[in-house]
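A structural walkthrough
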Amino acid sequence: MNNIEDVVDALEFKISKALGLIADLKASNLDLQQQIATAQEELKRQKQLNLEWKDKYEALQLANSILGSDDNKKETKLKINALIRDIDYCIAQLAD
């Protein structure tokens, strides 16, 4: 009889230990999910910031080209031609 009680006690101890580990893992999992969410938000913010800086860089390149920089004249001419085509298209749409 004592042997069965020992087995039951050992089993209860192992079950309580396993339940404690499960609770710890759930808490750790929740913490990691929060860290992932925070990291994803930071990544989204960094991507947006990167896009803003890219736009500013392109605007600066265009401004330098217009001011007479020889490095980007071809790109500037292409952009101006694209803008002229867009304006022509808009005028044609308005005329119809």
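Refer to the structure presented above.
Quick summary incoming for the structure in this document. Throughout, a residue's number is its position along its own chain's written sequence, starting from 1. At least 70 in pLDDT is required for a residue's local features to be given in this predicted model, at least 80 for side-chain atom pairs to be given and counted, and no such filter applies to totals for whole chains, interfaces and linings, which use all residues. Side-chain descriptors were evaluated using all non-hydrogen atoms of the structure, hydrogens and water having been removed beforehand.

**Brief notes about the packing of aromatic side chains**
Note on aromatic contacts: the rings of Phe and Tyr and the six-membered ring of Trp form a pair at centre separations within 6.5 Å, being stacked when their planes are under 30 degrees apart, edge-to-face when over 60 apart, and tilted otherwise. Counting across every chain of the model gives 0 aromatic pairs. Any Lys NZ or Arg CZ that is within 6 Å of a ring centre and within 35 degrees of that ring's normal is treated as a charge sitting over the ring. When the ring centre of W53 is taken as reference, the NZ or CZ atom of K56 above it lies at 4.8 Å.

**Considerations on the packing of helix α1 (residues 2–66) against helix α2 (residues 73–95)**
Two packed helices can be described by the angle between their axes and the distance between those axes. For the pair α1 and α2, interaxial distance at closest approach is 9 Å and the crossing angle is 100°. Accordingly, the angle class assigned to the pair α1 and α2 is roughly perpendicular. On the side of α1, the interface is formed by E58, Q61, L62, S65 and I66, while α2 contributes K73, E75, T76 and K79. Here the nonpolar group is Ala, Val, Leu, Ile, Met, Phe, Trp, Tyr, Cys and Pro; Asp, Glu, Lys and Arg are the charged ones; every other residue, Gly included, is treated as polar. The residue inventory of the contact of α1 with α2, partitioned by class, reads 2 nonpolar, 3 polar and 4 charged. With axes taken as lines fitted to C-alpha atoms, and helix axes fitted only over the stretch in contact, angles between N-to-C directions fall between 0 and 180 degrees. Helix and strand assignments come from DSSP, with helices taken as H or I runs of at least 4 residues and strands as E runs of at least 2, each series counted from the N terminus. In these notes the angle categories are as follows: under 35 degrees is roughly parallel, over 145 is roughly antiparallel, 65 to 115 is roughly perpendicular, and the rest is oblique. Contacts were defined at the residue level, with two residues in contact if any of their heavy atoms lie within 4.5 Å.

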